[in-house]
Amino acid sequence: RFHHTSTSHWCSCSKTISDEKYQDPFQLGRKDLKNLYEDIKKELLISAAELKEMCDYYFDGKGKAFRPMIVVLMARACNIHHNNSKEVQASQRSVAIIAEMIHTASLVHDDVIDDANSRRGKRTLNQIWGERKAVLAGDFILSAASVALARIGNTTIISVLTQVIEDLVRGEFLQLGSKENENERFAHYLEKTFKKTASLIANSCKAVSILGCPDPKVHEIAYQYGKNVGIAFQLIDDVLDFTSCADHLGKPTAADLKLGLATGPVLFACRQFPEMNAMIMRRFSKPGDVERAWKYVLQSDGVQQTTYLAQRYCHAATREIRKLRPSPEREALVHLTEMVLTRDK
């Protein structure tokens, strides 16, 4: 779900990064992510053929590995900041693997909850194997991630990364509820966004910073960078639900409205069209609600306001990461914030 186009396209967006300093995050992170999916499959050692097939389904090597890439870049940036070490530790790379496993398990479970039929341009596990088996496959991936986490043998890292799993569950519960008060509703939306999307990136970044550097200030920088990029990433995802065609996005558009979810563009549109309040409270359940809400959003400045909010989170992420010593990895993490804002997939 992450789009990467030519470097010339990105450079036009930035006044802060000269061509000489520009670092492509995907190129820079590639060597640390070599054999990532093979290593994940080794964690999923399974004798039952059907379960193996299900668990391997999304680990096909075709994903952009966005989260692991951030994690290894953060590991290198923190290591260089601390003692100019340019190598990623084995335990830090394990965190990148675990992050991708937790993320994928959450996608499998989300698709069951949402009764989704497509993900990354292919049929979902629940569509092929049924809901019950999909839930069990998600559970199994999560358990394998927990075993890999225990193997790192660091109780602080275990604590930091198990927080992610708790946040994912709490975020899903938040998504099932809704608030009547407009201000509460927006706070509720941002909290849900943090728990469901940003917590994984924030805590994975924090984990590798702890493994690479003893300074608590660096741990906070890593956490805040991950948190802000993670929220911005989801805000743009919510924008793309209104602006991208289904073929491009790899999932049906207006999916959130059809699920009864009021995301950023809807909440901003509601300020211009208060009649949307009733639709939000009944979760767009009446015939015609989804179509009307869609039109209201596109007539309002909801998409622009949500994009602007994502820019603010990306600027906050950049401010944080610039506190580390200069390195190619630091510049790549700065550049990544621009890629989050300009992606169209």
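Note that the coordinates shown come from a computational prediction; the quantities given were computed from them, not determined experimentally.

Conventions we followed
- Residues numbered from 1 in each chain as written.
- Predicted model: local features only at pLDDT ≥ 70, side-chain atom pairs only at ≥ 80, totals over all residues.
- Heavy atoms only, no water.
- Helix = DSSP H or I, 4+ residues; strand = E, 2+ residues; numbered from the N terminus.
- Buried < 20%, exposed > 50% of the residue type's maximum accessible area, 1.4 Å probe, protein only.
- Contact = heavy atoms within 4.5 Å.
- Phe/Tyr/Trp six-rings, centres within 6.5 Å; stacked < 30°, edge-to-face > 60°.
- Lys NZ or Arg CZ within 6 Å of the ring centre and 35° of its normal.
- 1 Å grid on protein atoms, 1.4 Å probe; cavity = no way out; pocket = protein on both sides within 12 Å on 5 of 7 lines; lining within 4 Å.
- Points joined across faces, edges and corners; volume = space filled by probe spheres on them.
- Nonpolar A, V, L, I, M, F, W, Y, C, P; charged D, E, K, R; others polar.
- Polar contact = N/O pair within 3.5 Å; in protein donor to acceptor, adjacent residues only side chain to side chain.
- Axes fitted to C-alpha atoms, helices over the stretch in contact; angles between N-to-C directions.
- Parallel < 35°, antiparallel > 145°, perpendicular 65-115°, else oblique.
- Left-handed = near helix turned anticlockwise from the far one by under 90°.
- pLDDT = per-residue confidence, 0-100.
- Expected span 1.5 Å × (residues − 1).

*Asks:* Can you break down the environment of Gln89 residue by residue, with the values?
*Replies:* Mapped onto the elements of the fold, Gln89 is located in the loop between α5 (66-83) and α6 (90-114). For Gln89, a relative accessible area of 32% puts it in the partly exposed group. Residues Gln89 and Asn79, ten residues apart in the sequence, show an inter-C-alpha distance of 9.1 Å. Other than its neighbours up to four places away in sequence, Gln89 contacts Asn79, Leu211 and Gly212.

*Asks:* Any details on the packing of aromatic side chains? Residues and values, ideally.
*Replies:* For the coordinates displayed, the defined rule picks out eight aromatic pairs. Ring centres of Tyr37 and Phe59 lie 6.5 Å apart, and the angle between their planes is 40 degrees; this geometry places the pair in the tilted category. In this pair, Tyr37 is assigned in helix α3 (residues 36-43) and Phe59 in the loop between α4 (49-56) and α5, connecting sequence segments 22 residues apart. Among the aromatic residues, those joined into a cluster by ring pairs are Tyr57, Tyr58 and Trp129. Residue placement shows Arg67 over the ring face of Phe233; its charged tip is 5.4 Å from the ring centre.

*Asks:* For empty space enclosed by the protein, give the residues involved together with the corresponding values.
*Replies:* Under the defined criterion, the tally for this structure stands at three cavities of 30 Å³ or more. Taken as a whole, the largest cavity holds about 190 Å³ of empty space. Lining the largest cavity are 17 residues, and of these Gly177, Ser178, His188, Leu261 and Ala262 sit closest to its centre. Elements supplying a minimum of two residues to the lining of the largest cavity: α9 (155-176) and α10 (182-212). When residues in the lining of the largest cavity are grouped by element, the largest group, four residues, is from α10. Partitioned by chemical class, the residues of the lining of the largest cavity number seven nonpolar, six polar and four charged.

*Asks:* Can you tell me about the environment of Gly153, naming the residues and giving the values?
*Replies:* Here Gly153 shows up in the loop between α8 (131-152) and α9. Gly153 sits in the exposed class, given a relative accessible area of 60%. Separated by 64 residues in sequence, Gly153 and Gln89 place their C-alpha atoms 14 Å apart.

*Asks:* Could you give me a rundown of the side chain of Glu172, with the residues and numbers involved?
*Replies:* Note that Glu172 resides in helix α9. For Glu172, a relative accessible area of 10% translates into the label buried. Here the side chain of Glu172 touches Lys196 through a polar contact of 3.0 Å, side chain to side chain. In this structure Glu172 touches Asp110, Ile113 and Lys196, once residues within four positions along its chain are discounted.

*Asks:* An account of the packing of α5 against α6 is requested, with residue identities and associated values reported.
*Replies:* Each packed pair of helices is defined by two parameters, the angle between the axes and the distance between the axes. Packing of α5 against α6 leaves a shortest axis separation of 8 Å and a crossing angle of 155 degrees. As the angle between them shows, α5 and α6 are arranged roughly antiparallel. The two elements α5 and α6 meet at a crossing, and its hand is right-handed. On α6, the residues that touch Arg67, Pro68, Val71, Val72, Ala75 and Asn79 of α5 are Gln92, Val95, Ala96, Ala99, Glu100 and His103. Of the residues assigned to the contact of α5 with α6, the class counts are seven nonpolar, three polar and two charged.

*Asks:* Tell me about the confidence of the model for the protein chain, and name the residues and values.
*Replies:* Mean pLDDT for the protein chain: 89, with 91% of residues reaching 70 or above. Below a pLDDT of 50 lies the segment residues 1-20, which in the model reaches 45 contacts outside its immediate sequence neighbourhood of four places, other chains included.

*Asks:* Mind laying out unusual backbone geometry, listing which residues take part and the relevant values?
*Replies:* A positive phi is found at Asn84, a non-glycine position, where the angle reads about 60 degrees. When you line up the elements, Asn84 lands in the loop between α5 and α6. When its relative accessible area of 38% is taken as the criterion, Asn84 is described as partly exposed. If you check the backbone angles, Asp115 has positive phi at about 55 degrees while not being a glycine. Here Asp115 is to be found in the loop between α6 and β1 (118-119). Judged by relative accessible area, Asp115 falls into the partly exposed class, the value being 49%.

*Asks:* So what's going on with the packing of α5 against helix α11 (residues 216-243)? Which residues, and what values?
*Replies:* Where α5 meets α11, the axes come as close as 11 Å, and the angle between the chain directions of the two elements is 155 degrees. As far as their axial angle goes, α11 and α5 are roughly antiparallel. Like other packed secondary-structure pairs, α5 and α11 cross with a definite hand, here right-handed. Facing α5, whose interface residues are Phe66, Arg67, Ile70, Met74, Cys78 and His81, α11 presents Val218, Ala222, Tyr225, Val229 and Phe233.

*Asks:* Run through α5, naming residues and quoting values.
*Replies:* In a regular helix each residue adds 1.5 Å, so 18 residues correspond to 26 Å; α5 covers 26 Å between its end C-alpha atoms and thus fits that length. Among the 18 residues of α5, 15 are classified as buried, and the element is accordingly described as predominantly covered. Just downstream of α5 lies Asn84, where phi reads positive at about 60 degrees.

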